[in-house]
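Given next are the chains, with one letter for each unit.
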Amino acid sequence: MKLYHDEDADLDLIRHKAIAVIGYGNQGRAQALNLRDSGLNVIVGNRADDYAARAKADRFAVHPIATAVSLADVVMLLIPDEVMPAVYAEQVAPRLRQKAVLVFASGYTVAFEQIALPPAIDAVLVAPRMIGAGVRESYVAGRGFPAFIGVAQDYSGQARAYALALAKAIGATRAGVAEVTFAQEAELDLFTEQCFGPAFGSVLMTSVNLLLDEGYPPEAVLLELYMSGEFAYTLGKIAELGTVEQTALHSTTSQYGSMSRGLRFQIPALRDKLREGLDEIRSGAFAREWAEEQSDGAPTLAMLREAAREMPLYALETELRQALGSQRTDAAIEPLGPPPQVAARATTERRRLIGKLRTWLGRVGWREAEERPTPQPAVPHPASTPADPPAADPIADAAPLDLAALERVLNAFLTDAAVAPALRAFARDRDITTAYRLTDRPLVFHLRFAHGDVTGGMGDPPTPAQVALKMSAATLDGMLSGSLNPTRATLAGDITFEGEARTALTIQRVQKELIRLYAAARTRVLEGT
Ligand code: NAI
């Protein structure tokens, strides 16, 4: 693959063109400033908001988006991909000049056919592999940053040359630019976000679980694994020196240990999971799901954010960050929600938090203990001392149901669910089948919400399930009793699922009703009432 550098690009091609930067956010501001400092003629198109004010303060001529488009030879669309299709259709497409060069910083909207390109324009990609702040800082420091370029439509016959000239003007060819298709850029980007990143996050969470379970102090675990910044520093060195050469920076003990033990982590199932994610991206299934989720007002995203914020690990991280004196450095980051009030937290409150974290994570150990052939009672965590008592946990404390009792409760629950008005209303415009499979009991049951009917029964569903959930009997009992949040339990690894994440989360909208019915069935069956 050829890497393009400064000498491959000709700035003269765009020196006398009017360039409109549409959007003055992360990429917009950085790229507009770099283009202007490269001697080009830049205006900004932005709706009337704080970003427009910032562009004015930076001494740009700021116009409404449609006006800026009509004035420009080169239009750089630097607004969020989520809003781009509507803004493009309403304010950009009708005002694009013939022979204009339309520039994207991400291939997403074109690759997933959310934008229809008029025939008489060039459409190119100039996609920095760098966040906006880095685009500006690297340019000012004279370093440059890598980027992808691409061509979706070449009306002028010079589309690639335009993309290279723009890449040079923002500072990318100083480092090196590679050509890809719009689809490749979008798919690789999504793969990093949806597969590589989460798989890595899962390794991190599993390690935190294991080490806390084994009694290591939570602060030491977080510091060791990532919060000291040592690991991030090593990643920087990997980017600089390569995976093999950077090992020279570590001790020989570290080199021998990581290389010899690394062989254990060649896990075929991991590759299968990554491929599943990639297939979903390439088929367009993710893009369709996300567009649908947004048109519903993004309720699933809100649910996931809330669950992430409620994780005890989030509070402990916040506390540890403050104790280490690290401050949020990027004012543009929108926090997941108000950070917990930790400044004034008393020692006892802190102990309670750590106890809660241990208990919460300890649930994994407790579940494993339950899965052993000889059932064992829940054991107190080795790290829990009388001075540091674990918080009471209704799930961990609940006595697990035996198989026969659980089956009777579930049968009663499924019978009641079939006639529950709230569930039937939920089923009206849907067709969702879920299968629940227990990991520690030979038990499977299913529930289907379809066209106003709710049906369920023991065993596998008659038609393939869109969502298959796996969990221990105690987790199921906790989830349906309302003492365990299913999203949080999934994030913690207590529930694993296969199938459509959004569909799985949609069912949470009737979670309260499911809990009410299950609780009634449980009481009726167990107390014989
Ligand atoms: P951003 O979120 O910083 O964009 C903010 C800008 O969009 C503001 O000027 C705002 O006025 C405008 N905007 C927001 N909603 C709007 C609406 N409904 N109508 C009109 N204008 C609206 O966007 P960001 O992160 O700079 O992304 C821009 C493009 O760059 C996207 O295609 C993204 O995929 C791509 N990209 C972003 C990177 C990053 O560092 N964030 C890295 C590489 C590519």
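How each quantity is defined
- Residues numbered from 1 in each chain as written.
- Predicted model: local features only at pLDDT ≥ 70, side-chain atom pairs only at ≥ 80, totals over all residues.
- Heavy atoms only, no water.
- Core = buried A, V, L, I, M, F, W, Y, C linked by side-chain atoms within 4.5 Å.
- Buried < 20%, exposed > 50% of the residue type's maximum accessible area, 1.4 Å probe, protein only.
- Helix = DSSP H or I, 4+ residues; strand = E, 2+ residues; numbered from the N terminus.
- Contact = heavy atoms within 4.5 Å.
- Pairing = 2+ DSSP bridges.
- Patch = residues over 30% accessible without salt bridge, like charges linked within 9 Å, V, L, I, M, F, W, Y side chains within 5 Å.
- Areas by Shrake-Rupley, 256 points an atom, 1.4 Å probe, with all protein chains shown as cover.
- Salt bridge = Lys/Arg side-chain N within 4 Å of Asp/Glu carboxyl O.
- Phe/Tyr/Trp six-rings, centres within 6.5 Å; stacked < 30°, edge-to-face > 60°.
- Lys NZ or Arg CZ within 6 Å of the ring centre and 35° of its normal.
- Near = heavy atom within 4 Å.
- Polar contact = N/O pair within 3.5 Å; in protein donor to acceptor, adjacent residues only side chain to side chain.
- Nonpolar A, V, L, I, M, F, W, Y, C, P; charged D, E, K, R; others polar.
- Arc of directions from axis to C-beta.

### Describing the nonpolar core
And then number 1: Counting residues in hydrophobic clusters, the biggest one holds 41 residues, and the most contacted among them are L35 and L166.
And then number 2: Looking at this core element by element, the count peaks at nine residues for helix α8 (residues 159–170).
And then number 3: Those residues in contact with L166 that sit more than four places away from it in its chain are I14, I19, L35, V74, M76, V103 and V126.

### Quick look at the environment of I19
And then number 1: Here I19 lies in strand β2 (residues 18–22).
And then number 2: Among the residues examined, I19 registers a relative accessible area of 0% and is labelled buried.
And then number 3: Beyond its immediate stretch of four places on either side in the chain, I19 contacts L35, L40, N41, V42, I43, V74, M76 and L166.

### Regarding the sheet that holds strand β9 (residues 177–179)
And then number 1: Here we have nine strands laid out as an open sheet, ordered β1-β9-β8-β7-β6-β5-β2-β3-β4, and mixed in their pairing. For this open sheet the edge positions go to β1 (3–4) and β4 (62–63), each flanked by a neighbour on one side alone.
And then number 2: Relative to strand β3 (residues 41–45), β2 runs parallel, the two being bridged by five bridges. Each bridged residue has a counterpart across the sheet, and for I22 the counterpart in β3 is G45.

### Describing a nonpolar patch on the surface
And then number 1: Together, F200, F231 and L235 give the surface a local cluster of nonpolar side chains, amounting to about 270 Å² of exposed area.
And then number 2: The residue F200 is located in helix α9 (residues 182–213) in this model.

### Overview of the packing of aromatic side chains
Geometrically, a pair of aromatic rings is defined through the distance of the ring centres and the angle of the planes.
And then number 1: Within the structure shown, the criterion is met by seven aromatic pairs.
And then number 2: A ring pair is formed by F413 and Y518, whose centres lie 5.7 Å apart and whose planes are at 80°; its orientation type is edge-to-face. Of this pair, F413 sits in helix α19 (residues 403–419) while Y518 sits in helix α24 (residues 511–527); the two residues are 105 residues apart in sequence, bridging distant segments of the chain. Both residues of the pair, F413 and Y518, belong to the buried class.
And then number 3: Just above the ring of F60 sits the side chain of R36; from NZ or CZ to the centre is 4.0 Å.
And then number 4: Sitting over the ring of Y139, R174 keeps its end group 4.7 Å from the ring centre.

### Examining the site of the ligand
And then number 1: Residues in contact with the ligand amount to 23 residues; listed here are only the nearest, Y24, N26, N46, D49 and D81.
And then number 2: At 2.7 Å from an oxygen atom of the ligand is found a main-chain nitrogen or oxygen belonging to Y24.
And then number 3: Within the side chain of D81, a nitrogen or oxygen atom sits 2.7 Å from an oxygen atom of the ligand.
And then number 4: Here the ligand has 840 Å² of accessible area as a free molecule, and 80% of this is covered by the chains.
And then number 5: When contributions to the shell around the ligand are tallied by element, the ones reaching two or more residues are α2 (26–37) and α5 (84–92).
And then number 6: Along the lines of polarity and charge, the residues of the shell around the ligand split into 13 nonpolar, seven polar and three charged.

### Regarding α5
And then number 1: Considered for burial, the residues of α5 that qualify are M84, V87, Y88 and V92. Viewed along the axis of α5, the buried residues span an arc of 100°, placing them on a single side of the element.
And then number 2: For α5, the secondary structure elements touched by its buried residues are α4 (65–71), β5 (74–77), β6 (101–104) and α6 (108–111).

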